[in-house]
Amino acid sequence: DSTNNHVTITGTGKVGGVYAGRAESSTGKAERNTITVERGGWAENPVFGGYAKGGVTGNRVYIKGTANATVYGGRLMGSGTAEENEVHLDGAMVKNQVIGAEGNNGALVKENRASVTNSLVKDDVIGGFSRGTNGKAERNTVSVTGDSARVKGTVTGGHAAGDSAAVRNTISLA
């Protein structure tokens with residue numbers, strides 16, 4: 001398991017990809033990990049608050065700088081639970097998608113959040129995404145706020161692909 005790890009990319013830092021917590025075993029979990037990208041900081045490749053096959057819970061990503069790839073609060077590569085993961089953008093720029101949490105076949109993706117405050121996202125923003133068969137995206141939220149907030153793609157509270165279901169997801173625009 002990978003738990004309680006913290007990564008900060010400073011205002012002058014530039015990195016490839018970044019994982020705050022990563023568990024590779026089939027039952028491994030990534031829980032309560034945090035990434036902060038400060039103003040001026042840069043991540044060139046994907047950003048993962050938590051990345052695991054068994055479960056991702058309570059991971060957080062805070063970006064005030066730039067991410068030149070997709071940003072995940074939690075990325076579940078198996079069929080467990082992705083719960084309470086969050087991505088918060090404030091004055092940031094993200095070139096690809098922003099996803100609170102994403103899970104594979106059979107995953108329960110619930111109560112994840114993506115918030116965009118006075119930031120630019122050049123692709124989609126998704127609160128929770130369940131791919132494949134028999135999964136569920138439930139009670140995920142997306143908020144987009146501020147006069148300079150821009151999302152060039154689609155804003156989706158919960159997205160279900162394949163035979164998965166999306167229920168009780170919300171979007172707030174202000």
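The preceding data block contains the structure.
Predicted model, so just to flag it, every value in this text is computed and none were measured. (Residues numbered from 1 in each chain as written. Predicted model: local features only at pLDDT ≥ 70, side-chain atom pairs only at ≥ 80, totals over all residues. Heavy atoms only, no water.)

### Looking at the pattern of salt bridges
This model, assessed by the stated rule, comprises ten salt bridges. Put simply, Glu83 and Lys110 hold a salt bridge, and the shortest N to O gap is 3.5 Å. You can see Glu83 sitting in strand 13 (residues 81-83) and its partner Lys110 sitting in strand 17 (residues 108-110), a full 27 residues away along the chain. In this structure, the salt-bridge partner of Glu102 is Arg131, at a minimum N-O distance of 2.4 Å. With Glu102 in strand 16 (residues 98-103) and Arg131 in the loop between strand 20 (125-130) and strand 21 (136-138), this residue pair connects regions lying 29 residues apart in the sequence. By relative accessible area, which is 2% here, Glu102 ends up buried. You can call Arg131 partly exposed: its relative accessible area is 35%. (Salt bridge = Lys/Arg side-chain N within 4 Å of Asp/Glu carboxyl O. Helix = DSSP H or I, 4+ residues; strand = E, 2+ residues; numbered from the N terminus. Buried < 20%, exposed > 50% of the residue type's maximum accessible area, 1.4 Å probe, protein only.)

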